[in-house]
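Architecture and fold: a report
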Amino acid sequence: MNVFDWLSHMDVPASQKFDVVEVKFKGGRKEYFRNINQVDFCTGDYVVCEMASGQHIGTVSLQGELVRLQMKRKNVAISDDIHVIYRIANEKDLDKHTQAMAREMPTLYRTREIIREMKLNMKLSDVEFQSDNTKTTFYYSSEERVDFRELIKSLASEFKVRIEMRQISLRQEASRLGGLGSCGRELCCSTWLTDFKNISTSAARYQNLSLNPAKLSGQCGRLKCCLNYELETYIDALRDIPTVDVPLKTKKGTATLQKTDIFKKIMWFGFEKDTNWYPVAIDKVLEIMELNKNNVIPESLEILTPEPERKLDRGAQSLNSDLANLDKKYSEEQKKKKKKKNRNGNKNRGAKPPQAATPSNPQ
């Protein structure tokens, strides 16, 4: 949830500077506070802020005119009821804040044990201590209404602090905890996404995705938010693609639609006893559908293959024919050499070996 202040290089008079500052707390939670003392802050400074009960320490995330735009976008009213910033946190404040943060994990584990003992149907995901150790906020998720009055009494006596229970959705839980998605990047909800829109399985159908819950679900257990990112582009591309309700009739057989390449505008068809799929351009599909309406059956889908596919087939056929010619030529040369060797061998066998001359008898 990092923010870039693209107005930071502009010098604004102190009297005209917007006195509300955006402060970020644990889990990406942001609130707005008034800078009544006109202190010069830098992004990332730790500040002590006024809360409904006590004080809390956060980091400055944004200031200036961009804060006014953010408040307008989030419908936050600019009034005198906005809490104030006391000062920049000193070492003593930071030490106390560190001690409060160190209590969070042990408190989380102990509270989960208490919830199991009470057999409450709720999932505790995070605990946040206020910097002055006077208040603790427990974030939980549940699919049904939970009566946690006895739980609050038990937690108040256990930790000696003021208890606040805050229910969050599963998407908000994933954004607070963070993690890595299946794409390998950090979760969108924990980095930049703030508005969680409704997502249905029709978004996956429009994009020709397999309806596999393991692949379509995110870490929150709900459908991935990224299914909506390219949905409008797919819907615009699908307007030019015809709806094939019945198989196409050809003399070779009935062709059933197997898949559609939305952006290349090619539809792949297959026959009943044929394992191959044949690509057909959309305009050709429209022609075949129009012919079938008029009770005209075309010869086959192969003659309606798009031009790129046809060129590829011709190139493959010419390459195969060249290889076949080379093999034929090579085999003929081998046969000629064998015949030549056989002839030479037969000549050598037919010729008699030369006899040695016998010496004449002197007698």
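As shown above, the structure is provided for reference.
Residues numbered from 1 in each chain as written. Predicted model: local features only at pLDDT ≥ 70, side-chain atom pairs only at ≥ 80, totals over all residues. Heavy atoms only, no water.

Next up on the list: the sheet that holds strand 4 (residues 55–63). With antiparallel pairing, five strands are arranged side by side in an open sheet as 2-1-4-3-5. The sheet terminates laterally at strand 2 (30–34) and strand 5 (85–88), the two strands that pair on one side only. Adjacent strand axes in the sheet meet at a mean angle of 45° when their direction is disregarded. As defined by bridge partners, strand 1 (residues 20–24) adjoins strand 2 across five bridges and the pair is classed as antiparallel. Among the inter-strand pairings, valine 23 is bridged to a residue of strand 2, identified as glutamate 31. (Pairing = 2+ DSSP bridges. Helix = DSSP H or I, 4+ residues; strand = E, 2+ residues; numbered from the N terminus. Axes fitted to C-alpha atoms, helices over the stretch in contact; angles between N-to-C directions.)

Two numbers describe how helix 3 (residues 104–118) lies on helix 4 (residues 149–159): the axes approach to 11 Å, and their chain directions differ by 140°. Judged by the inter-axis angle, helix 3 sits oblique to helix 4. Helix 4 is crossed by helix 3, and the crossing has right-handed handedness. Across the interface between the two elements, Thr107, Arg110, Thr111, Ile114, Ile115 and Met118 of helix 3 pack against Glu150, Leu151, Ser154, Leu155, Glu158 and Phe159 of helix 4. (Parallel < 35°, antiparallel > 145°, perpendicular 65-115°, else oblique. Left-handed = near helix turned anticlockwise from the far one by under 90°. Contact = heavy atoms within 4.5 Å.)

Our next topic: the environment of serine 217. Take serine 217: it is sitting in the loop between helix 7 (213–216) and helix 8 (231–238). Using a relative accessible area of 22% as the deciding quantity, one classes serine 217 as partly exposed. With 35 residues separating them in the primary sequence, serine 217 and serine 182 have C-alpha atoms 9.8 Å apart. Once residues lying within four places of it in the same chain are set aside, the contact partners of serine 217 are Arg222, Leu223 and Lys224. Of the polar contacts made by the side chain of serine 217, one reaches the backbone oxygen of proline 213; its length is 2.8 Å. (Buried < 20%, exposed > 50% of the residue type's maximum accessible area, 1.4 Å probe, protein only. Polar contact = N/O pair within 3.5 Å; in protein donor to acceptor, adjacent residues only side chain to side chain.)

What follows is about the environment of threonine 256. Looking at the element boundaries, threonine 256 is found in strand 10 (residues 253–261). Relative accessible area serves as the criterion here: at 35%, threonine 256 is assigned to the partly exposed category. The sequence separation of threonine 256 and glycine 270 amounts to 14 residues, and the corresponding C-alpha distance is 5.4 Å.

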